[in-house]
Amino acid sequence: TSGILVVAKNDSAHKFLSEQFAEHSIERTYYAVCFGVPNSMKGSIEGDIGRSPYDRKKMAIVAKGGKKAVTHYQVMENFANVASLIKCNLETGRTHQIRVHLSSLGHNLLGDKLYVKSKKITAKNISDEIKNFANNFSRQALHAKSLGFVHPKTKEKMFFEVDIPEDIQQLISILRKI
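What you are looking at is a predicted structure, and each value in this text was computed from that prediction instead of being measured.

Colleague: I keep staring at the pairing of strand β8 (residues 142-150) and nothing clicks. Help me out?
Modeller: Each regular strand displays side chains that alternate between the two surfaces of the sheet. Counting buried positions over the 9 residues of β8 gives 8, a clear majority of the element. Relative to strand β9 (residues 157-161), β8 is paired through 5 bridges, and the arrangement is antiparallel. The residue of β9 that forms the bridge with Leu147 is Phe160. Remark: 6 residues form the turn of the hairpin made by β8 and β9, two consecutive strands paired antiparallel; Lys155 in that turn has positive phi of roughly 65°.

Right under this line is the structure:
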C-alpha cells in the first residue's frame, strides 16, 4: 500500500495518537482499484475481522473472535463494469481491513497477490494491452490518500494528503480506455 502514515516521535505522542485510533477519531481515506463494481455506488461494509481459519497469512470476516470493522465506501469511477476506483473511509483500522471488506463484496484489489489467486480481466472486447497491464499490476492497487488527526502537542487539528502515485494513476488511465 502506498501513501501517507503517521509516526509518533516519543511515548507521549504515541499514547495520544493511540487514543485517537481507539476512539476512531482519526480520519483516513484510501483509494482502491478493484475488479468489478459494487451493486451500491455508496455504502458501508461491516464485519468483524480476525485471523483466517484457513490461512494464517490472511485476515477474514469471522463470526466470533474478531474485532469490529467498518469501512465506508463510494465508487468514484466505473471502468465499463470491469473494474472500479473506490474511495474508502475507515471508521476502524484493522489489519487488511479494506482488502477483506472489498473481497467480501466480491471486489478484490487489482494486483493483490495474497487475496486474489486467479481473478483476471478476461473480457473479449478489451485489448490485450489493457488486460496485460491490469492483470499484471505489480502490487495491490491501494493508496492511503489522506490522514487527519489532532496533534499530540499543539492539540491542533492536522490534515495531510498525498497524490495518487504514478503507477496507480497509469492503471486508472489504462482502465479508462475500456
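Colleague: What exactly am I supposed to notice about helix α2 (residues 97-104) here?
Modeller: Residue pairs three or four apart in sequence face the same way in an α-helix, which turns once every 3.6 residues. By the criterion of burial, α2 is predominantly enclosed, with 6 of the 8 residues buried. All of the buried residues in α2 are Gln97, Ile98, Arg99, Val100, His101 and Leu102. Backbone geometry just after α2 places Gly106 at a positive phi near 90°.

Colleague: How should the side chain of Thr92 be read in this particular structure?
Modeller: Among the structural elements, Thr92 can be located in the loop between β7 (83-90) and α2. Residue classification places Thr92 among the buried positions, given a relative accessible area of 1%. Polar side-chain contacts of Thr92 include one of 2.9 Å to the backbone nitrogen of Val70. Side-chain polar atoms of Thr92 contact the side chain of Gln97, separated by 3.0 Å.

Colleague: Is there a simple way to think about the environment of Ile45 in this case?
Modeller: Along the chain, Ile45 falls in strand β3 (residues 42-46). The exposure class assigned to Ile45 is buried, which follows from its relative accessible area of 6%. Here the alpha-carbon distance between Ile45 and Phe35, two residues 10 residues apart in the chain, equals 17 Å. Those residues within four positions of Ile45 in sequence are excluded, and the remaining contacts are Ala69, Val70, Thr71, Tyr73, His101, Leu102, Ser104 and Leu105.

Analysis parameters
Residues numbered from 1 in each chain as written. Predicted model: local features only at pLDDT ≥ 70, side-chain atom pairs only at ≥ 80, totals over all residues. Heavy atoms only, no water. Buried < 20%, exposed > 50% of the residue type's maximum accessible area, 1.4 Å probe, protein only. Helix = DSSP H or I, 4+ residues; strand = E, 2+ residues; numbered from the N terminus. Pairing = 2+ DSSP bridges. Polar contact = N/O pair within 3.5 Å; in protein donor to acceptor, adjacent residues only side chain to side chain. Contact = heavy atoms within 4.5 Å.

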